[in-house]
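A look at the structure
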Amino acid sequence: MPAPEPARIRALRIEGLPIVAVLVALVGAFMVAAPEVFLGYRIYMSFLATVPPLLVLALGLTLVIAAGEIDLSFPSVVALSGWVLAYFIHELHSPWLGVAFALLAGGLVGFVNGILVARIGIPSIIATLATQFLWGGLTTVFSQGLSYSLGDVEELFLWRLLVGRIGPLPVQALWALAIAVALWFVLNRHRFGEHLLFIGDNARVAEVVGVNVAREKIRLFALMGVLAAVASLLLTLENKNFFNTQGGGYLLEVMAAVFIGGTSVFGGQASVVGTVAGSFIIGMVEAGLVATGLQGFWVRAVVGMVFLAAVIGHLVIEEPERGRAVSRAIRARMGFFRRGPVRG
Amino acid sequence: MQAAEAHAAGESWRHVVRLEKVDMTFGKVQALSQVDFEVGRNEIVGLLGDNGAGKSTLIKIVSGVLRPSAGRVEIRGRPVDLDDYSVRKAHDLRIETVHQGQTLGEKQPLWRNLFVGRQIVGRFGFIDVKKEKEIANQLLRQAIGFRGEGITAESTVRELSGGERQGIAIARAMYFEADLIVLDEPTAALAVSEVRKVLAFVEGVKSAGGACIYIEHNLAHVHEVADRLVILDRGSVVGEFAKGEIGLPELTARMIALHEGRPHARA
């Protein structure tokens, strides 16, 4: 049996703490580098307007990855549901029906993913790659490759409800926060979340302890589809525009946000708090770097560095033995090993 | 005589579980064919057989993990609707199983492992975490005897040794007070001292009026605790002995003969 962990490591187990610290440090660094921008509130309001779609997608994907699965089709749901909404607003003048059908479309895409994965047994990475092409392609067909400008959408109560402003505060930030809180409870306090964690940990174990693995996976993918549709609503309404490839840029950013947040690549362990912090890190780096005077070219490189640092950090906390092995190797190489036995 | 003990009068069943002409095929592989098998109310049945004889398949049918391809299953004298039978149903019918190998979620805390599949939930399916942890801690101290070893309900499974893990799996079965406990090679990963604990547990099930199906490679162990031995070979029952009908040396010889008689005997 491994020795009890040092209290120092235990403290780092508080959910999301390390990555929230990284976020705070990043904001601190931007404040020093570009005080005129980062000491005012405007930039933060701008983040609160642009990050929510990414955040909602990342929250859904957190649950998917917790269950040891992946969903690559959500960018196409962002496009498809956006088209449904835009079509209902622009052509049929019934925005509320548009919302209902956009959510339904997302749920259906997710449900089909679930059937493909859980009943037919296609690995999720392949099934959802295929459906990403399918639904993205069909969205282009449906929209005839056109964009819709939704300039007068601001008049609608729907717009004010989903992406309006309370004073300077974008309402979509509150929706995203509410979804984050709800999903935290689902993952950590609900039977469904516990089942997802066991499925991700070891699906065979989940099966023998009485989890209906197939049913829970179908529910999971359907939920992911609905959340992708919600993200699409927030995005399309905020932009007041639909274009048929919208969502395409989210795939890698959303995955990065989830993994930076500390959710295990191997499933069975996930952090909703971490995903929230990870999403803001991803969403802030670009604006932050540009404001500090660095060129936009640097954005991806910096994201890569933060990403690597975060993943290594999580690994060290999650598996202290590995962390100790690394520090032992480093010390040995630097000739410090005479200092005495390594802790633990 | 067994039926009179411990159990509620008025119910007239003799066997806690009974399988009749059960077949199980996986694709082209016939894992079980025409198996009749039963467990009495207060009986410990030792299930023996070589690797691939069908032991695990048989108990997975009993515990609701697998649905047989054909045949009948009765529990306490009542036929089971196989379309509607599941691990959860088996739990409801007070059948608990400790499966072979890994049966715990490694990254999950012990309290989740003890209750997963039948959580204590409030409205809308939210888990009563406080209560689950409380009971888990109580179980760890009393039933398993983890004291002052730094193991609590919050510990994750990967902090535990093989024996401790098996202890958790068995404690889980014990806590839910089953009438039938199915143990699939519970001692495979254990040290000698821990094996004694498991055997004592099996005897405890018996004296508490319960029944047990016990799968074990170590013939001496099964021979010691079982009331009846059932031998499977290539999916069929090929021998059955009540306690005392067969000595350990003879049993050993028989199992070796079975092993060597197989067309593709594996080492």
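Every value quoted in this text rests on a predicted model; they were computed, and no experiment measured them. Once a new chain begins, its residue numbering starts again from 1 and follows that chain's sequence as written. Naming scheme: in the order in which they are written, chains are lettered from A and ligands are numbered from 1. Reporting in this predicted model follows two pLDDT cut-offs: at least 70 for local features of residues, and 80 or more for side-chain atom pairs to be given and counted; totals over whole chains, interfaces and linings ignore these cut-offs and use all residues.

**Let's talk about the overall build of chain A**
A tally of regular secondary structure across chain A gives 16 helices and four strands. For this measure, only C-alpha atoms enter the radius of gyration; the expected value for a globule follows 2.2 Å times N^0.38, where N is the number of residues. For 344 residues, the compact-globule formula gives about 20 Å, and the C-alpha radius of gyration of chain A, at 22 Å, lands near that figure. Residues with at least 20 neighbouring C-beta atoms inside 10 Å of their own are called buried, those with 12 or fewer are called exposed, and the rest are partly exposed, where every C-beta is derived from the backbone. Counting across all 344 residues of chain A, residues that qualify as buried make up 47%. Residues are defined as contacting one another if the C-beta atoms placed from their backbone atoms lie within 7 Å. Considering only residue pairs separated by 6 or more positions, chain A has 76% of its internal contacts joining residues 24 or more positions apart. Here a helix means four or more residues in a row that DSSP labels H or I, a strand means two or more in a row labelled E, and each is numbered from the N terminus.

**Structural notes on the confidence of the model for chain B**
All names here are of chain B. One number per residue, pLDDT, summarises how confident the predictor is, and it ranges from 0 to 100. Counting all residues, the mean pLDDT for chain B is 84, and 91% of those residues have values of 70 or more. For the stretch residues 1-9, pLDDT sits under 50, and the model shows twelve contacts to residues farther than four places along the chain or on other chains. Interface confidence in the predicted complex, given as ipTM, is 0.82; pTM for the same model is 0.85.

**Observations regarding the environment of Val 208 of chain A**
By the element assignment, Val 208 of chain A lies in helix 11 (residues 203-208). For Val 208 of chain A, a count of 22 C-beta atoms within 10 Å corresponds to the buried category. In contact with Val 208 of chain A, other than residues within four places in its own chain, are Val 65, Val 87, His 99 and Thr 103 of chain B.

**Things to note about the interface of chain B and chain A**
Taken together, the 26 residues of chain B in the interface contact 20 residues of chain A. Residue contributions to the side of chain B that touches chain A peak at three residues, all from helix 2 (residues 87-92) of chain B. Three classes are used, and their members are as follows: Ala, Val, Leu, Ile, Met, Phe, Trp, Tyr, Cys and Pro are nonpolar, Asp, Glu, Lys and Arg are charged, and the others, Gly among them, are polar. In the side of chain B that touches chain A, the residues fall into nine nonpolar, eleven polar and six charged.

**Focus on the environment of Leu 190 of chain B**
All names here are of chain B. Here Leu 190 shows up in the loop between strand 7 (180-184) and helix 6 (192-207). With 19 C-beta atoms counted inside 10 Å, the residue Leu 190 sits in the partly exposed group. Considered as a pair, Leu 190 and Gly 162 are 28 residues apart in the sequence and their alpha carbons are 6.5 Å apart. Apart from the residues lying within four places of it in its own chain, the contact partners of Leu 190 are Gly 162, Gly 163, Gln 166, Val 195 and Val 198.

**Quick notes on the nonpolar core**
Within soluble globular proteins, side chains that are nonpolar tend to cluster in buried spots. Counting residues in each nonpolar core, the largest one holds 165 residues, and the members touching the most others are Leu 57, Leu 63 and Leu 227 of chain A together with Tyr 214 of chain B. With 16 residues, helix 12 (residues 213-239) of chain A is the single largest residue contributor to this core. When neighbours within four sequence positions are excluded, Leu 227 of chain A is seen to be in contact with Val 56, Leu 57, Leu 59 and Gly 60 of chain A. Any nonpolar core is a set of buried residues, restricted to Ala, Val, Leu, Ile, Met, Phe, Trp, Tyr and Cys, that join up through C-beta atoms within 7 Å.

**Focus on helix 10 (residues 191-201) of chain A**
With respect to burial, helix 10 of chain A is a largely interior element, ten of its eleven residues being buried. Among all positions in helix 10 of chain A, only Arg 191, Gly 193, Glu 194, His 195, Leu 196, Leu 197, Phe 198, Ile 199, Gly 200 and Asp 201 of chain A are buried. Of the surrounding elements, those touching the buried residues of helix 10 of chain A are helix 4 (42-66), helix 9 (171-189), helix 11 and helix 12 of chain A together with helix 3 (110-115) of chain B.

**What to know about the environment of Ala 79 of chain A**
Residue and element names in this part refer to chain A. Inspection of the secondary structure assignment puts Ala 79 in helix 5 (residues 74-90). What makes Ala 79 buried here is the crowd of 30 C-beta atoms within 10 Å. Along the primary structure Ala 79 and Phe 242 are separated by 163 residues, whereas in three dimensions their C-alpha atoms are 8.0 Å apart. Filtering out sequence-adjacent residues up to four positions away, Ala 79 remains in contact with Gly 136, Thr 139, Asn 244, Thr 245, Gln 246 and Gly 247.

**Quick word on the sheet that holds strand 1 (residues 15-26) of chain B**
Strands in a sheet are paired, the pairing made by backbone hydrogen bonds, and the direction either parallel or antiparallel. Residues and elements named next belong to chain B. Sheet architecture is open: four strands sit in the order 2-1-4-5, paired in antiparallel fashion. Since the sheet does not close on itself, it has two edges, and those belong to strand 2 (29-40) and strand 5 (78-79), each with one partner. As defined by bridge partners, strand 1 adjoins strand 4 (residues 70-75) across five bridges and the pair is classed as antiparallel. Bridged to Asp 23 within strand 4 is Ala 70. Set on the sheet, helix 1 (residues 55-62) makes contact with strand 1, strand 2 and strand 4; between it and strand 2 the angle comes to about 60°. Strands are labelled as partners when DSSP assigns at least two bridges between them. Orientation is described by lines fitted to C-alpha atoms, with helices fitted over the stretch in contact, and by angles between N-to-C directions that extend from 0 to 180 degrees.

**Here we look at the packing of helix 5 of chain A against helix 7 (residues 124-142) of chain A**
All names here are of chain A. Two elements in contact, helix 5 and helix 7, have axes separated by 8 Å at closest approach and are oriented at 25°. If you check the angle between helix 5 and helix 7, you find them roughly parallel. Where helix 5 crosses over helix 7, the two elements pack in a sense that is left-handed. Contact residues: Pro 75, Ser 76, Val 77, Ala 79, Leu 80 and Trp 83 in helix 5; Gln 132, Trp 135, Gly 136, Thr 139 and Phe 142 in helix 7. For the contact of helix 5 with helix 7, a count of residues per class yields seven nonpolar, four polar and no charged. Roughly parallel means an angle under 35 degrees; roughly antiparallel means over 145; roughly perpendicular covers 65 to 115; every other angle is labelled oblique. Note on convention: the crossing is left-handed when the near helix lies turned anticlockwise from the far helix by less than a right angle, right-handed when the turn is clockwise.

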